[in-house]
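The primary structure of each chain is shown beneath.
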Protein chains: 4
Amino acid sequence: MALDITASGLFPIAPTPFLADGRIDTASVGTLIDRYLAAGATGVTVLGIMGEAPKLEPEESLDIAARFIAGMAGLPVIVGVSAPGFAAMRALARAVMDKGAAGVMIAPVPSLRTDDQIVGYYRQAIEAIGGDIPFVIQDYPLTLSVQMTPKVIRQIVQDHASCMMLKHEDWPGLDKITALRGFQADGSMRPISILTGNGGLFLDFEMERGADGAMTGYAFPEMLADVVRLQKAGDRDAAHDLFDAHLPLLRYEQQQGVGLSTRKYVLMRRGFIASDAQRKPGGALNAPARAEVDYLLARLAKHDPRARV
Amino acid sequence: MALDITASGLFPIAPTPFLADGRIDTASVGTLIDRYLAAGATGVTVLGIMGEAPKLEPEESLDIAARFIAGMAGLPVIVGVSAPGFAAMRALARAVMDKGAAGVMIAPVPSLRTDDQIVGYYRQAIEAIGGDIPFVIQDYPLTLSVQMTPKVIRQIVQDHASCMMLKHEDWPGLDKITALRGFQADGSMRPISILTGNGGLFLDFEMERGADGAMTGYAFPEMLADVVRLQKAGDRDAAHDLFDAHLPLLRYEQQQGVGLSTRKYVLMRRGFIASDAQRKPGGALNAPARAEVDYLLARLAKHDPRARV
Amino acid sequence: MALDITASGLFPIAPTPFLADGRIDTASVGTLIDRYLAAGATGVTVLGIMGEAPKLEPEESLDIAARFIAGMAGLPVIVGVSAPGFAAMRALARAVMDKGAAGVMIAPVPSLRTDDQIVGYYRQAIEAIGGDIPFVIQDYPLTLSVQMTPKVIRQIVQDHASCMMLKHEDWPGLDKITALRGFQADGSMRPISILTGNGGLFLDFEMERGADGAMTGYAFPEMLADVVRLQKAGDRDAAHDLFDAHLPLLRYEQQQGVGLSTRKYVLMRRGFIASDAQRKPGGALNAPARAEVDYLLARLAKHDPRARV
Amino acid sequence: MALDITASGLFPIAPTPFLADGRIDTASVGTLIDRYLAAGATGVTVLGIMGEAPKLEPEESLDIAARFIAGMAGLPVIVGVSAPGFAAMRALARAVMDKGAAGVMIAPVPSLRTDDQIVGYYRQAIEAIGGDIPFVIQDYPLTLSVQMTPKVIRQIVQDHASCMMLKHEDWPGLDKITALRGFQADGSMRPISILTGNGGLFLDFEMERGADGAMTGYAFPEMLADVVRLQKAGDRDAAHDLFDAHLPLLRYEQQQGVGLSTRKYVLMRRGFIASDAQRKPGGALNAPARAEVDYLLARLAKHDPRARV
């Protein structure tokens, strides 16, 4: 099933589960898939920045992608293929598409600065992987230090018929959604799917600005799916009520560096994965942080019973 | 009244109020001072990054500082004196101390990278302003791109008897507070005051890690003062309850760039300042953002009546 | 005499001479002016990045500018007015124009990234200083970390009739000169003056690509003037012969940070200034570096008798 | 033959030769090896930043390394193994050592800022590849944006007995060599080999400051080997005479981005490689640049007959 511009809902950014000794925990991959499906995911994204992709051997990357493709019950699986060289990008992109991926996600290399450089990079990348693979633009300035204006995104969309989606992860980024939907309204850009990241920190308003859903890895994918659903149903206050209950924990998870440790710890406590181990180089929550997260979980449980662990 | 290491509570980062035509709104300076005192401020910081200091003429800077010093009823006023050259830093620092400031705040220049460069910069800066002026280290990597380890901060504290305070604004930064308090406990660093910034995004836990209070400009200084007070009184749950009610708005205000527009808009709606104008180059909330902030204020008012505007 | 697009030849970037105690050495300002005129300068630029401008008090900046304006025998004096805020930029720009400056030079603030941000910054800056002041775009990515494409420069030129010159300081930058002259040839950009910086490291070929001259502070302005003159006269081999003889020293001076110490040391040895002191924070050549520069001067003197010191 | 601290002379940074269609030109690998041996190389470094390593498939990387190991007549071959994840770094390091490499070279990841982060990164990297593999620290701030002080380098050297060499590529960097040799003299750091990079731009003085040789890819390795030899023999003036004759071309090659195109073009004209093609994304000299390089070669040939092409 190929990715197209109607994609919406929740595409969790899947972490890669590891055992304490650094091997991939394939059993937990299965559990993750079950939980994502139960949470209402409409797709999944693997081998993203928060998926510890650079620490995987090439065959491990392929294996992870294949397991998700096999398990996700026909839902679209997007695979991150960002790489310093186009040869590796092409090799991984072609291989995962052969295995049934719905599309690939490409982030710009951090050295890009000018508008022309960014547009040119995507032109070369798509030439490398081929124009037949549906792709997602990853726009994540806080981590990648590449700033794409709405005009640059429009140019990439117009240059490449295979561009189906923007993973929107700018911060602040609400006006960017409004600008892009404005380009669609004035006819200067064809429609695309916009899913938002940043751990969900602005998902409440991103939906109101025109996002189609969320693509992020917050440890309660159910909440993300619910907020998307409630906003689409016009139930604004209920969406914000649920979102606000989660915000103290979500904000804690949305710290640079510490974030993945928090996310894996909560996913472990919730039974989504067996261990919160990261492959080296990696971190782990220390005792004070674990106590803080436990306290946040206990407080959240008063509003959302799914937080009872 | 000189700043010393016992400083605690709430030092709001004061915005500079402007009229629509760009002149300083001195009447609003007086209103701001009254509101800060009523909110429970224990001091104030002026001419910070969020105070639009670089847009002021030298005589305006001095005038603003003098007005706060005169109005704050003897409470300590800290003045930001960061500058590309030490001559300007010295001139402003000596002038505001002559007028009665309690101390000055110094941020590192963005080009610093290595530990030695940072320590050396503070050595030269203190040599320039003089060792008799109490000073605050501003540690704000997200904006300044200078990363100070706890060891570097300790070195600066130990090098300079006139260092009284850290404005802690790292993100993530909870472990930095724990590390610094650990240095005090093991005797390797003399005690200092630690007030935290970042718009208050982690104030709830920063107090539990050992912070003495807040130094930030969130548009509800009452909440910041209350959370500090409740945490010091051991009323943890009440502190978090109040904090969590404000978090949706606080998170909105804590956006890079858009943040100051949000802050000034809310302060205007609350009657703290007459206009949300910024001096050029500056921004303003657009219509969708104003509507979002209004919605957040209405939601907040259900939990905190001070948000009724 | 107002700066216009016919400016060419050599505009030295003047250092600010200091006495050992940090005061400005006004006598050496006079000597510098005499030597620049003798060297064939057709103008001069003061208060640039290498002029230690941020370390000057506002009245000192004005005084330096006024002395050069008075001394340069009617030749155009360009004054650097880059500043974090537009108020200070405007104040200095208007003041030096009142004193007879020919124009001002404006560098982008380092935080700018996207094409739109850069173009927008110049729009706001020119609105601030006024459209009646001739100005120079400073394009210096290595130090400012702002990358302007030829298209961005063209946009700024077309937006502002008061833009007269590009200080070209990109690296590598030869193709940028070719691109801009191409824009003039195809009618998409009106003509401007292009003077090149980077310490002169590519002046030999920059002239062949279409530059009008040099704007840099290499300690042998005579060589820069000669190379410009020889290239304009079509005496290519002679230009390169002279340039190549200086390149070992020029390359030494063109080191980040160490460069200004080297330049002031050579200018001192040549009698252009009385002391190589920098105002704090500043550096000085250590003994091994001085010995290396002395050796380079001795070797250069075999080819160019002006290096006998 | 394992790399040790006595390594000296010339280790060229080998480019990877490609055919016009993007395949590796294995015939040219053989030619390159012959020319390096004839030029007086005492070793070689492959898969460096200028070797287009990130564009190679893993098996290609191994194949390139194996060809150099087989061809270099028992001289040490150093292999660049820098990678975003330690798994890939370990896999490549172990594989090339099995094939007979003398050691590996590791650059820090660009996100590192503080001294502790850099020291910690090397600790984790060496734990990953194993303490039995001789390794080289690559210190290249201009490209990697990581600044290592002499103290940080000393710490890494003292932490790891397997650290044999520094590839010194700081700019400016002469004082760093002096500082490190000073650490050896005062007994605070054990001796290491220091080979210098930066295209050779300061090789003349680096040798006088205490470097053991050059590790860079300038298209005339003969010159690099000669300058190292002459300086070691105490023939200072002859070393500088030869160096200065090459400096105009060397400076041209030492441009960011354009540099590799220049290098490959000259190597092609000299018969070291059959084509100057780069694998995508890559560049090529345009016509004006080729004409400039040809002119520089013709001028150089008057001083050094090896430049007659």
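Because the structure is a prediction, the values reported are computed rather than measured.

### Notes on the overall build of chain A
In terms of regular secondary structure, chain A is built from twelve helices and eight strands. For chain A, the C-alpha radius of gyration of 18 Å lies close to 19 Å, the compact-globule estimate for 309 residues. In terms of its C-alpha atoms, chain A occupies a principal-axis envelope of roughly 50 × 45 × 35 Å. For chain A, buried positions account for 63% of its 309 residues. In chain A, 73% of the contacts between residues at least 6 apart in sequence involve partners at least 24 apart. Entry remark: accessible area of chain A is about 10,200 Å², with carbon and sulfur atoms responsible for 54%.

### Quick look at the relation of the copies chain B and chain C
Screw-axis analysis of chain B against chain C gives a translation of 0.0 Å along the axis, an RMSD of 0.0 Å, and a rotation angle of 180°. Within this description, the copies of the chain are treated as partners about a two-fold rotation axis. Counting the interface residues of chain B, we find that 100% of their copies in chain C are interface residues as well, pointing to one common contact surface.

### A short note on the nonpolar core
Membership of the largest hydrophobic core comes to 198 residues, with the highest contact counts inside it found for C:F68, C:I106, C:I137, D:F68, D:I106 and D:I137. Beyond its immediate sequence surroundings of up to four residues, D:I137 is in contact with D:I106, D:Y122, D:M148, D:I153, D:I156, D:V157, D:C163, D:M165, D:L166 and D:K167. Of all hydrophobic cores here, the second largest spans 196 residues; its members include A:M89, B:V109, B:I118 and B:L224.

### Focus: the interface of chain B and chain C
Each side of the interface is counted separately: chain B has 15 residues, and chain C has 15 residues. Interface of chain B and chain C: buried area, both sides summed, is about 1,200 Å²; carbon and sulfur atoms make up 59% of it. Along the contact surface separating chain B from chain C lie zero salt bridges. Where chain B meets chain C, there are zero residue pairs in polar contact (both at pLDDT 80 or more). For the side of chain B that touches chain C, the secondary-structure elements that each account for two or more residues are helix 3 (86-98) and helix 4 (115-129) of chain B. Of the residues in the side of chain B that touches chain C, the class split is seven nonpolar, three polar and five charged.

### Some words on the relation of the copies chain C and chain D
Mapping between the two chain copies consists of a rotation about an axis together with a translation along that axis. In screw terms, the move from chain C to chain D is a rotation of 180° and a rise of 0.0 Å along the axis, fitting with an RMSD of 0.0 Å. By residue overlap, the copies meet face to face through one surface: 100% of the interface positions of chain C are interface positions in chain D.

### Examining the interface of chain C and chain D
Where interface size is quoted, it is often the accessible area lost as the parts come together. Taken together, the contacts link 32 residues of chain C with 32 residues of chain D. Between chain C and chain D, roughly 2,900 Å² of surface is buried when both sides are summed, and carbon and sulfur atoms account for 58% of that area. Broken down residue by residue, the surface that chain C buries against chain D is led by C:R251, C:Y295 and C:R299, which jointly contribute 22%. There are eight salt bridges connecting chain C and chain D. The salt bridge partner of D:D241 is C:R299, with a shortest N-O separation of 2.7 Å. For the side of chain C that touches chain D, the secondary structure elements donating two or more residues are helix 7 (174-185), helix 8 (203-209), helix 10 (236-253) and helix 12 (287-301) of chain C. For the side of chain C that touches chain D, the element with the highest residue contribution is helix 10 of chain C, accounting for ten residues. Here the side of chain C that touches chain D is built from residues that sort into 16 nonpolar, six polar and ten charged.

### As for the sheet that holds strand 4 (residues 103-106) of chain A
Residues and elements named next belong to chain A. Spatially, 1-8-7-6-5-4-3-2 is the arrangement adopted by the eight strands of the open sheet, whose pairing is parallel. At either end of the open sheet lies a strand with only one pairing partner, and these are strand 1 (9-10) and strand 2 (44-46). In the packing of helix 3 (residues 86-98) onto the sheet, the strands contacted are strand 3 (77-80) and strand 4, and the crossing angle to strand 4 comes to about 155°.

### Describing the UniProt feature "binding site: pyruvate" (unreviewed entry) in chain A
Residues and elements named next belong to chain A. UniProt's entry tags M215 with the feature "binding site: pyruvate" (unreviewed entry), counted in the numbering of this structure. With respect to the helices and strands, the residue M215 is situated in the loop between strand 8 (213-214) and helix 9 (221-232). The buried category is assigned to M215, whose relative accessible area is 0%. Setting aside its immediate chain neighbours within four residues, M215 contacts F11, I13, T45, I78, M105, M165, K167, L195, T196 and G197.

### Topic: the packing of aromatic side chains
The relation between two aromatic rings is expressed through the spacing of the ring centres and the mutual angle of the planes. Counting across every chain of the model gives 24 aromatic pairs over all chains. Relative to B:F205, the ring of A:Y252 lies with its centre 5.7 Å away and its plane at 85°, an arrangement referred to as edge-to-face. Here the residue A:Y252 occupies a position in helix 10 (residues 236-253), and B:F205 occupies one in helix 8 (residues 203-209), the pair thus bridging two chains. Overall, B:F205 belongs to the buried group, its relative accessible area being 0%. Between C:Y252 and D:F202, the ring centres sit 6.2 Å apart and the planes meet at 65°, which makes this aromatic pair edge-to-face. A residue pair is termed interchain when its members come from two chains, as with C:Y252 in helix 10 and D:F202 in the loop between strand 7 (193-196) and helix 8 (203-209). Three or more aromatic residues joined by ring pairs make a cluster, and in this case those are A:F86, A:Y121, A:Y122 and A:F135. One residue, C:R251, lies across the ring of D:F202, its end atom 4.7 Å from the ring centre.

### Thoughts on the pattern of salt bridges
Residues and elements named next belong to chain A. If you walk through the whole model with that rule in mind, you get 96 salt bridges over all chains. The closest approach of N and O atoms between D294 and R269, which form a salt bridge, is 2.8 Å. In this pair, D294 is assigned in helix 12 (residues 287-301) and R269 in helix 11 (residues 258-269), connecting sequence segments 25 residues apart. Each of the salt bridges in this network shares a partner with another, and the network as a whole consists of D226, R229, D304 and R306.

### Comments concerning helix 10 of chain C
Residues and elements named next belong to chain C. Counted at 1.5 Å a residue, the expected span for helix 10 with its 18 residues is 26 Å, and the 24 Å between its end C-alpha atoms agrees. The sharpest bend along helix 10 comes to roughly 50°, located at L247, with the proline P248 sitting one to four residues further on. Counting buried residues in helix 10 gives 14 out of 18 residues, a clear majority hidden from the surface.

### Some words on the environment of C:M165
All names here are of chain C. Here M165 is to be found in strand 6 (residues 163-168). Of the residues examined, M165 reaches a relative accessible area of 0% and is grouped as buried. On a C-alpha basis, the gap between M165 and D175 in space is 17 Å, while along the polypeptide they are ten residues apart. The contact partners of M165, leaving out residues within four places of it in the chain, are L3, A7, I78, F135, V136, I137, S193, L195 and M215.

Cut-offs applied
- Residues numbered from 1 in each chain as written.
- Chains lettered and ligands numbered in written order.
- Predicted model: local features only at pLDDT ≥ 70, side-chain atom pairs only at ≥ 80, totals over all residues.
- Heavy atoms only, no water.
- Helix = DSSP H or I, 4+ residues; strand = E, 2+ residues; numbered from the N terminus.
- Rg over C-alpha atoms; globule rule 2.2 N^0.38 Å.
- Buried < 20%, exposed > 50% of the residue type's maximum accessible area, 1.4 Å probe, protein only.
- Contact = heavy atoms within 4.5 Å.
- Areas by Shrake-Rupley, 256 points an atom, 1.4 Å probe, with all protein chains shown as cover.
- Least-squares fit on C-alpha atoms with pLDDT ≥ 70 in both.
- Core = buried A, V, L, I, M, F, W, Y, C linked by side-chain atoms within 4.5 Å.
- Buried area = accessible area lost by both parts, 1.4 Å probe.
- Salt bridge = Lys/Arg side-chain N within 4 Å of Asp/Glu carboxyl O.
- Polar contact = N/O pair within 3.5 Å; in protein donor to acceptor, adjacent residues only side chain to side chain.
- Nonpolar A, V, L, I, M, F, W, Y, C, P; charged D, E, K, R; others polar.
- Pairing = 2+ DSSP bridges.
- Axes fitted to C-alpha atoms, helices over the stretch in contact; angles between N-to-C directions.
- UniProt positions renumbered as here; feature names shortened; annotations may be inferred.
- Phe/Tyr/Trp six-rings, centres within 6.5 Å; stacked < 30°, edge-to-face > 60°.
- Lys NZ or Arg CZ within 6 Å of the ring centre and 35° of its normal.
- Expected span 1.5 Å × (residues − 1).
- Bend = angle between axes of the 7 residues up to and from the residue.

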